[in-house]
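What the coordinates show
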Amino acid sequence: MLCFHVCAGEIFELKAELNSDKKEKKKEAVKKVIASMTVGKDVSALFPDVVNCMQTDNLELKKLVYLYLMNYAKSQPDMAIMAVNTFVKDCEDPNPLIRALAVRTMGCIRVDKITEYLCEPLRKCLKDEDPYVRKTAAVCVAKLHDINAQLVEDQGFLDTLKDLISDSNPMVVANAVAALSEIAESHPNSNLLDLNPQSINKLLTALNECTEWGQIFILDCLANYAPRDDRESQSICERVTPRLSHANSAVVLSAVKVLMKFMEMLPKDLDYYGTLLKKLAPPLVTLLSAEPELQYVALRNINLIVQKRPEILKHEMKVFFVKYNDPIYVKLEKLDIMIRLASQANIAQVLAELKEYATEVDVDFVRKAVRAIGRCAIKVEQSAERCVSTLLDLIQTKVNYVVQEAIVVIKDIFRKYPNKYESVIATLCENLDSLDEPEARAAMIWIVGEYAERIDNADELLESFLEGFHDESTQVQLQLLTAIVKLFLKKPTETQELVQQVLSLATQDSDNPDLRDRGYIYWRLLSTDPVAAKEVVLAEKPLISEETDLIEPTLLEELICHIGTLASVYHKPPSAFVEGSRGVMHKRLPARTGSGESTESPDVGTIAGGSGTETAPSIIPSQGDLLGDLLNLDLAPPTTTGPPPPTSGMQMGGMDLLGGGLDSLVGSPISYCNMVLVPQMGAGFGAVPAVMPASLNAPMGGGLGDLFDLGGGVGMPLGAYIPPKTVWLPAMKAKGLEISGTFARRAGVIQMELTLTNKAMSVMTDFAIQFNRNSFGLAPAGPLQVLSPLSPNQTIEVSLPLSTVGPVMKMEPLNNLQVAVKNNIDVFYFSCQYPISMLFVEDGKMERQVFLATWKDIPNENESQFQIKDCHLNSDAASNKLQASNIFTIAKRTVEGQDMLYMSIKLSNGIWVLAELRVQTGNPNYTVSTEDVCVLPRQSTHSCIYCILAKLTWLVS
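Residues numbered from 1 in each chain as written. Predicted model: local features only at pLDDT ≥ 70, side-chain atom pairs only at ≥ 80, totals over all residues. Heavy atoms only, no water.

As for the overall build of the chain
- What the chain contains, in helices and strands, is 37 helices and 17 strands.
- A separation threshold of at least 6 residues defines the contact pool for the chain, and within that pool the share at least 24 residues apart is 66%. (Helix = DSSP H or I, 4+ residues; strand = E, 2+ residues; numbered from the N terminus. Contact = heavy atoms within 4.5 Å.)

Overview of the sheet that holds strand 7 (residues 749-758)
- In spatial order, the strands read 5-6-7-10-9; together these five strands make up an open sheet with antiparallel pairing. Strands with a single pairing partner mark the edges of an open sheet, and in this sheet they are strand 5 (726-729) and strand 9 (779-780).
- For strand 5 and strand 6 (residues 737-746), the ladder comprises three bridges, and the chain directions are antiparallel. By the bridge assignment, Thr 726 is partnered in strand 6 with Gly 741. (Pairing = 2+ DSSP bridges.)

Focus: the packing of helix 2 (residues 23-38) against helix 4 (residues 59-72)
- Two elements in contact, helix 2 and helix 4, have axes whose closest approach is 10 Å; the angle formed by their N-to-C orientations is 35°. As helix 2 runs across helix 4, the sense of the crossing is left-handed. Facing Lys 26, Lys 27, Val 30, Lys 31, Val 33, Ile 34 and Met 37 of helix 2, the residues of helix 4 in contact are Glu 60, Leu 61, Leu 64, Val 65, Leu 67, Tyr 68, Asn 71 and Tyr 72.
- Of the residues in the contact of helix 2 with helix 4, the class split is 10 nonpolar, one polar and four charged. (Axes fitted to C-alpha atoms, helices over the stretch in contact; angles between N-to-C directions. Left-handed = near helix turned anticlockwise from the far one by under 90°. Nonpolar A, V, L, I, M, F, W, Y, C, P; charged D, E, K, R; others polar.)

Section: the sheet that holds strand 12 (residues 827-833)
- Pairing is antiparallel in the open sheet, where three strands are placed in the order 8-11-12. Two strands in the sheet have a free side with no partner beyond their single neighbour: strand 8 (768-771) and strand 12. Neighbour-to-neighbour, the strand axes of the sheet open up by a mean angle of 25°, direction not taken into account.
- Examined bridge by bridge, strand 8 and strand 11 (residues 816-822) share four bridges and lie antiparallel to one another. Within strand 11, the position partnered with Phe 771 by the bridge is Val 819.

Comments concerning the nonpolar core
- Formed by 210 residues in total, the largest nonpolar core has its most connected members in Tyr 68, Leu 69, Leu 122, Leu 203 and Phe 414.
- Leaving out residues up to four positions away in the same chain, Leu 122 has contacts with Val 103, Ala 137, Cys 140, Val 141, Leu 144 and Phe 157.
- Counting residues in each nonpolar core, the second largest holds 47 residues, with Ile 769, Val 786, Ile 796 and Leu 901 among its members. (Core = buried A, V, L, I, M, F, W, Y, C linked by side-chain atoms within 4.5 Å. Buried < 20%, exposed > 50% of the residue type's maximum accessible area, 1.4 Å probe, protein only.)

Some remarks on the state of the cysteines
- According to the stated counting rule, one finds zero disulfides in the structure shown.
- The structure places no disulfide on Cys 108, whose sulfur is separated from the nearest cysteine sulfur, that of Cys 140, by 7.4 Å.
- Free of any disulfide, Cys 376 has its nearest cysteine sulfur in Cys 387, 5.6 Å distant. (Disulfide = S-S within 2.5 Å.)

What about the pattern of salt bridges?
- Scanning the model with the defined rule gives 34 salt bridges in all.
- A salt bridge links Arg 309 to Glu 264; the shortest N-O distance between them is 2.6 Å. With a gap of 45 residues between them, Arg 309 in the loop between helix 18 (292-308) and helix 19 (328-341) and Glu 264 in the loop between helix 16 (249-263) and helix 17 (271-287) connect regions that are remote in the sequence. Here Arg 309 and Glu 264 have matching classes, each one buried.
- The residue Lys 892 makes a salt bridge to Asp 876 at a minimum N-O spacing of 3.0 Å. Of this pair, Lys 892 sits in strand 14 (residues 888-895) while Asp 876 is found in helix 36 (residues 875-884), placing the two residues 16 residues apart along the sequence. (Salt bridge = Lys/Arg side-chain N within 4 Å of Asp/Glu carboxyl O.)

What to know about helix 14 (residues 212-223)
- For helix 14, built from 12 residues, the straight-helix expectation of 16 Å at 1.5 Å per residue is met to within 8% by its first-to-last C-alpha distance of 17 Å.
- Among all positions in helix 14, only Gly 214, Gln 215, Ile 216, Ile 218, Leu 219, Cys 221, Leu 222 and Ala 223 are buried.
- Taken together, the buried residues of helix 14 touch helix 12 (170-186), helix 13 (197-207), helix 15 (230-240) and helix 16. (Expected span 1.5 Å × (residues − 1).)

Considering the pairing of strand 16 (residues 912-920)
- Burial analysis of strand 16 places seven of its nine residues in the buried class, which makes it a mostly covered element.
- Bridge count for strand 15 (residues 898-906) against strand 16 is nine bridges, and the pairing is antiparallel. Looking across to strand 16, one finds that Tyr 902 is bridged to Glu 916.
- Where strand 15 folds back onto strand 16 in an antiparallel hairpin, the turn is made up of five residues, including Gly 910, whose phi is positive at roughly 90°.

Focus on the packing of aromatic side chains
- What the rule picks out here adds up to 11 aromatic pairs.
- Pairing Trp 728 with Phe 743 gives two aromatic rings, centres 5.3 Å apart and planes at 35°, and the pair type is tilted. One end of the pair, Trp 728, is in strand 5; the other, Phe 743, is in strand 6, with 15 residues separating them in the sequence.
- Overall, Phe 743 belongs to the buried group, its relative accessible area being 2%.
- Ring geometry for Trp 728 and Phe 830: centres 6.0 Å apart, planes at 25°, overall stacked. Of this pair, Trp 728 sits in strand 5 while Phe 830 sits in strand 12, and the two are 102 residues apart along the sequence. Considered together, Trp 728 and Phe 830 belong to a single accessibility category, that of buried residues.
- The cationic tip of Lys 331 hangs over the ring face of Phe 365; the distance from NZ or CZ to the ring centre is 5.2 Å. (Phe/Tyr/Trp six-rings, centres within 6.5 Å; stacked < 30°, edge-to-face > 60°. Lys NZ or Arg CZ within 6 Å of the ring centre and 35° of its normal.)

Examining the packing of helix 18 against helix 31 (residues 553-560)
- Contact pair helix 18 / helix 31: the axes reach a minimum separation of 10 Å and the direction vectors enclose 125°. If you check the angle between helix 18 and helix 31, you find them oblique. Seen along the crossing, helix 18 lies across helix 31 with a hand that is left-handed. Side by side, helix 18 and helix 31 meet where Leu 304, Ile 305, Gln 307 and Lys 308 of the first sit next to Leu 556, Glu 557, Leu 559 and Ile 560 of the second.
- Residues of the contact of helix 18 with helix 31, tallied by class, amount to five nonpolar, one polar and two charged. (Parallel < 35°, antiparallel > 145°, perpendicular 65-115°, else oblique.)

Looking at the environment of Asn 301
- The topology assignment puts Asn 301 in helix 18.
- According to the relative accessible area criterion, Asn 301 is buried, its value standing at 0%.
- Counting along the chain gives 259 residues from Asn 301 to Ile 560, while the straight-line C-alpha distance between them is 8.4 Å.
- If near-sequence neighbours (up to four positions away) are discounted, Asn 301 is found in contact with Leu 253, Ile 563, Gly 564 and Ser 568.

So, the side chain of Thr 507
- Of note, Thr 507 is situated in helix 28 (residues 496-507).
- Among the polar contacts made by the side chain of Thr 507, one reaches the main-chain carbonyl oxygen of Leu 503 at a distance of 2.6 Å.
- Filtering out sequence-adjacent residues up to four positions away, Thr 507 remains in contact with Arg 516, Gly 519, Tyr 520 and Trp 523. (Polar contact = N/O pair within 3.5 Å; in protein donor to acceptor, adjacent residues only side chain to side chain.)

Concerning the environment of Gln 751
- Inspection of the secondary structure assignment puts Gln 751 in strand 7.
- Classification of Gln 751 by relative accessible area gives buried; the value is 15%.
- Separated by 30 residues in sequence, Gln 751 and Ala 781 place their C-alpha atoms 9.6 Å apart.
- Dropping the residues within four chain positions of it, Gln 751 is found in contact with Thr 742, Phe 743, Ala 744, Arg 746, Ser 799, Leu 800 and Pro 801.
- Within the structure, Gln 751 has its side chain in polar contact with the side chain of Ser 799 (distance 2.9 Å).

Here's the deal with unusual backbone geometry
- Going from Glu 812 to Pro 813, the amide bond is cis rather than trans, its omega being 0°.
- If you check the backbone angles, Asp 766 has positive phi at about 55° while not being a glycine.
- With respect to the helices and strands, the residue Asp 766 is situated in the loop between strand 7 and strand 8.
- Of note in the backbone geometry, Asn 886 takes a positive phi value of approximately 65° without being a glycine.
- Tracing the backbone through its elements, the reader meets Asn 886 in the loop between helix 36 and strand 14.
- Using a relative accessible area of 8% as the deciding quantity, one classes Asn 886 as buried.

Quick word on the pairing of strand 6
- The buried fraction of strand 6 is high, at nine of 10 residues.
- Sheet topology note: the strand 6/strand 7 ladder contains 10 bridges and is antiparallel. Across the sheet, Thr 742 pairs through a bridge with Glu 753, a residue of strand 7.
- Hairpin connection of strand 6 to strand 7: two residues between the antiparallel strands, including Ala 747 at a positive phi of 55°.

What follows is the structure in structure tokens.
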């Protein structure tokens, strides 16, 4: 706020008038002070003088003084204490208006010192005999809770507020509900509004008698109630229905919200259900006769209602016809609703209207109208021919932007109805020269490429686009590349030079990676297997959906619960635009009861374990799904002779439900003939073999440098090395779900540390996880514990324990892990690489004599060496660091000033690796030699069989 200093003379004059004995002069002086304060002048110097004016019986003067106090109390907290006695005294004044004014003002003064004195007056006012005082005190509790929540709870004001819901005065009830609702919003888990049939009955009784804003508070409160059955739901609907005829549009929308929510519980075959649908239409239509701004708000809400229940307004199409004087934002919204309501019964009048709109002068509106014609064709199949005819008439107008929009929508019609309306292609080709917008050019190129065999001069048409290839937008370039490849596959002898030209332009002369990659893919396909190229490029395309712009069902349910609020205008949940709304409870429509129907969005059972008594319903069909049905996971590891790992009380069953599907997505499975089957140490011949590759020479990232923590220095605390988290699944590839993670080994258990972030606008629930078969049998040892819904813009940390007894299959690279994560939105796939050091077990310290004998018996040609550079640790510090990651030093000796550490490592599948680390004092470069062996016990002897497995660089990457 701008502040202007008042001159000393003016302050002096005001001070004198404020201390005058004449009441009228004093009142005029306070008015002058308030006037100066209102225009931004600083009159805080008059604080003590204004406070002295509180001692008066004049209600008008008292109001003015209280207004001044509310404004300056925060900047003058010590002076504000002077007014406390007067406040307390006024709270006991015989005049209820003064009592209410005092408690309201004390609640508005956000000064901690004053709130301490507010408790007793507030307690008295909450039980005041006058309803005006009680309703004011109810709101004051909410204000006090915002200042000091703990104080309100300690003083028992919340319980008193709950008692006021049963008050005899409807306005007191409404204010109590409003206060409790506001407090509940900041504490969503507090369950303050513990509604039951008795309290609901009291609210419905008060609904008829309180003011319009009181009705809104009560209706919003009712919308949060979950009726016990369809009978109670119908009873509430019957008592709320009269609010639909209220003059205030906010009351009407709040009533619509309650009815839309409780209709979910009514059986559709109930007579009352049909009656309610008919009663909802007139009030919504009436809202469209208000001023444009209110119309827009009503239309945004109607848009949601129509998506959920189009039958409500199916007979009201004419009210959404555009008027000549409607603002553009109202026109566009009406157009959207018209398309949603379009059906075979009304399509004729809708098309007539849209054709009329296409001749308007507003370009944006005309574009939307032309697109709407195309959407009608896709939605109502019987009207498609009429829509195409209408579009052709519009093309004949030769209006540039109309022609271009028409071509774009005709492309979609071709996708929806292949081989049906291709006779119009000739008309489209006549307008080729007038196309200057990228989307229209791309659409025309797609049509020419898709139907090249029916267009005699298709090669000439595409060649004309190719002349300015580098000047085209990426969208056009990509479409042109695909279209010419299609043309080549259909007419190979005539277009060989053309396809070579476009492939050269796309791969050699382009900086765009998407274009270049697509060009290389086509080039490789055409040069290696033209038949396969034909199957890929000319494959039958899936039909496009009728409605591409519908709101996602779970988000729509939440928005229906927010009808009449900003969320319903933005079409976004409150958490997407309200700052600090992470704790907001996400609302859902209740489940339908009484008719044997299932809910529209059934809750999905947990995947990686859950209650043994509940079976997860199948949502994702297994037919045609590469990964099978992830909802039927019974993620159990295969049976082994050893003791099973801890499973957190889960019962798991052992099948590979991924069915090798990830192999076809990420890489082809590798034959088992390339692997060496090696029993684990100490296991009998009946043990499950560990599968390891015979040759592991592929180098991987990382190395001993990570385990040494080179950046940390000698003074860093010891602990197993944990790589930093990286993004495994970006939000753009997972419909808003971002997954970052790393791996850690703690107390002998491998942990997958995940960070889940919801960057979408809808709530995410029902998380589950599964791994594909991998080189070391890693599998979840428990369910993915996401205990609460993941709200938009929320991030949570999850730790998933892993076992090493899952199904085994060689991966490339060996530490590659393919993962499937499911939630209520979809199933997402990604791959990540775990550091092999996570597999180093705690009992990997080999006996000294066994180590010596083993080391000596390994041939020299089996030794591999590499260097670690810039490591400034001495040999003892290095040994300690490595031991923290289960790389154990067996012996140490010093030769010619060089420390030599002999170490052993044991993997979770029983494989042993021996290593020698050479550390030269003053030299930051270490030399590591590895002798990689696997020890196999035999029944007849204690001799060992050694086989070469890997480099240590791989083991610690």
